[in-house]
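Structure assessment
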Amino acid sequence: ANQVRLEADACLEQLANGELLAPRAVKFVCEKLKEIMMQESNVRPVAAPVTLVGDVHGQYYDLLELFRIGGNVPETNYLFLGDYVDRGHFSLETISLLACLKLRWPERVTLIRGNHESRTTTMAYGFYAECTAKYKSEEVWKYFTDMFDFMPLTAVIENDIFATHGGLSPSLQTLDQIRVLDRFHEIPLNGPICDLMWGDPNPKAEGFRISSRGAGYIFGRDVVERFLHLNGVRRVVRAHQLCMDGYQELFDKQFITVWSAPNYCYRMRNIASIMEVDTDLSWHFNMFNASPIAERKGLRAPAVLESNEHFNKTDDREDEDEDGQDHFKDSSDDDDSSSTTSSIGIADTTSGDDTE
C-alpha cells in the first residue's frame, strides 16, 4: 500500500509539472485502480459530507478551477458522476489526474461510469484521437478504456441520495437489482446498464418512453417517485445533460442534474456547478465559470489535435433532447500561475488521512 501511494504521489507531481505520464505509469495506475474498483459495489456507498461533480469532458483547466473552488483532495471528499473524457482538448490530463487521485485516496474519491467511459464513444468523440496524437499509439487509450470497465455504475450517499450518470431504467426497480448486474465489460448498446448511462428526465413525460438519443429512456415524475419510494431514498442526483445555469432541480427537488463543464466545448457560455452535500444531507450549489487559462488554451486545440475532425464534432445525441434542443438551456435563471501540488486538486497536508 505504501508503494502504491509513493507511485501515485510521483505521478501527481509529474502532472503538476505539466507532463503527461509515461505509458508504463498509466498502465500501473490503471491496473491498480482495477484492483480497487473490482472490490467496489455497483451501488457504491458514499459518506457525507461529499461534493458531487457532473460532466467535466476533458476540460482540464476548468477541473483545476473546480478544485480551487470546491477544495482539494483529501480535505474534500468527491463523487464524480462520469464523462471525464471526450469533447475537451485535455482528456488525457483530466483522466490521468482523476485516476491518480482515486489511487492515492480511494476512500476520498469515487469515480462512477458515464456514457463516455466507453470504447465506442471515445473513438467517435475525441479521446481515442487525443491518445494516438499525443502518444503516437493506442496503447494508453487501451489502458484507460479497460479500466473504465471496472468503474462502479452508481452510488448512494448515506442511504438517502442515489447518484447515477444518466437516468433510470424500466428493467431496474430496486438498488438490489443494480447491485447484481455484471458491469465488467463495455457499455452495451441497450439494456439496464445502457439505460443508467443514457436516460433523461422529462417533466412532460409519464412512464418510460424511448429516447431520441438512440439509447436509454425518457421518464417522468411518476417513474422517479416510484423509484424513490421502493428504495427508501429521497432524491436522485445525476449529470449527463447540459445545464446553462450549472444545475437543474426537477420534481420538487427530487431529481437533480449537476453540470460541471463551464463554457462547454469552449463555446456554450454556460455556468458550471458542483453540489456540496453536508453531514445533515442539506446541499448547496457552488457555481463557477471557465478559468481564464482554460479560455486561452481551449479556444485553440494543441497543434497535434487542431486538424482532427473529432474535436469539432459537437452535435452528437447526448447534446440534444427529444426536440433537438440543448438540454436545460432555458432554465429558470437566465492567473496563469506556476504549478504546485495544491493547484491540481491535492491539499497541502501531511496528515495522510484516507479513512473518512
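Structure's up top.
To keep things clear, this report deals only with the structure shown in the data block. Here the structure is a predicted model, which means the values were calculated and not measured. (Residues numbered from 1 in each chain as written. Predicted model: local features only at pLDDT ≥ 70, side-chain atom pairs only at ≥ 80, totals over all residues. Heavy atoms only, no water.)

1. Details of the overall build of the protein chain
Using the following cut-off: Helical segments are the DSSP runs of H or I of at least four residues, strand segments are the runs of E of at least two, and each set is numbered from the N terminus. The protein chains shown are the only cover counted for residues, whose accessible areas, like all others here, come from Shrake-Rupley with a 1.4 Å probe.
Scanning the protein chain for helices and strands turns up 11 helices and 14 strands. When the accessible surface of the protein chain is summed, it comes to about 14500 Å², and 46% of that surface belongs to carbon and sulfur atoms.

2. Regarding helix α4 (residues 91–104)
The criterion, for reference: For a helix, the expected span equals 1.5 Å multiplied by the residue count minus one. For every residue, the accessible area (1.4 Å probe, protein chains only) is compared with the maximum for its type, and the residue is labelled buried under 20%, exposed over 50%, or partly exposed between those bounds.
When the terminal C-alpha atoms of α4 are compared, their 20 Å separation across 14 residues agrees well with the 20 Å that a helix rising 1.5 Å per residue should span. Judged by how many residues are buried, α4 sits mostly within the fold: 14 of 14 residues are covered.

3. Structural notes on the nonpolar core
Using the following cut-off: Only buried residues count toward a nonpolar core, which is a set of Ala, Val, Leu, Ile, Met, Phe, Trp, Tyr and Cys residues joined through side-chain atoms within 4.5 Å. Any two residues whose heavy atoms approach within 4.5 Å at even a single point are treated as in contact.
Ranked by internal contacts, the top residues of the largest apolar core, which has 57 residues, are Phe 67, Phe 80, Leu 97 and Phe 144. By residue number, the principal contributor to this core is α4, which donates eight residues. With near-sequence residues (within four places) excluded, Phe 144 lies in contact with Val 26, Cys 30, Leu 92, Ile 95, Ser 96, Ala 99 and Phe 127. By size, the runner-up hydrophobic cluster in this structure holds 26 residues, among which are Leu 172, Ile 193, Leu 228 and Val 233.

4. Some thoughts on the packing of aromatic side chains
The line we're drawing: Here a pair means two rings of Phe, Tyr or Trp (six-membered ring of Trp) with centres within 6.5 Å. Their orientation is stacked below 30 degrees between planes, edge-to-face above 60, and tilted elsewhere.
Scanning the entire structure with this criterion turns up 17 aromatic pairs. Here the aromatic rings of Phe 219 and Phe 255 are separated by 5.6 Å at their centres, their planes lie at 70 degrees, and the arrangement is edge-to-face. Residue Phe 219 is located in strand β9 (residues 217–219), and its partner Phe 255 is located in strand β12 (residues 255–258); the two are separated by 36 residues in the primary sequence. You'll find Phe 219 and Phe 255 in the same group, each marked buried. Summarising the aromatic geometry, the rings of Trp 259 and Tyr 264 are spaced 4.9 Å apart at their centres and angled 80 degrees between planes, so their arrangement reads as edge-to-face. Since its relative accessible area comes to 1%, Trp 259 is described here as buried. By relative accessible area, Tyr 264 is classed as buried at 2%. A network of ring pairs unites the aromatic residues Phe 208, Tyr 217, Phe 219, Phe 251 and Phe 255 as a single cluster.

5. Overview of unusual backbone geometry
In this chain, Ala 48 is followed by Pro 49 through a cis amide linkage whose omega measures 5 degrees. Residue Pro 74 is reached from Val 73 by a cis peptide bond, and omega for that bond is 5 degrees. Inspection of the secondary structure puts Pro 74 in the loop between α3 (60–70) and β3 (78–80). In this structure, Glu 158 takes a positive phi of about 50 degrees despite not being glycine. Examined against the element boundaries, Glu 158 turns out to sit in the loop between β5 (154–157) and β6 (161–164). Note on Glu 158: relative accessible area 39%, which makes it partly exposed. The phi angle at His 240 is positive, at roughly 80 degrees, despite the residue not being glycine.

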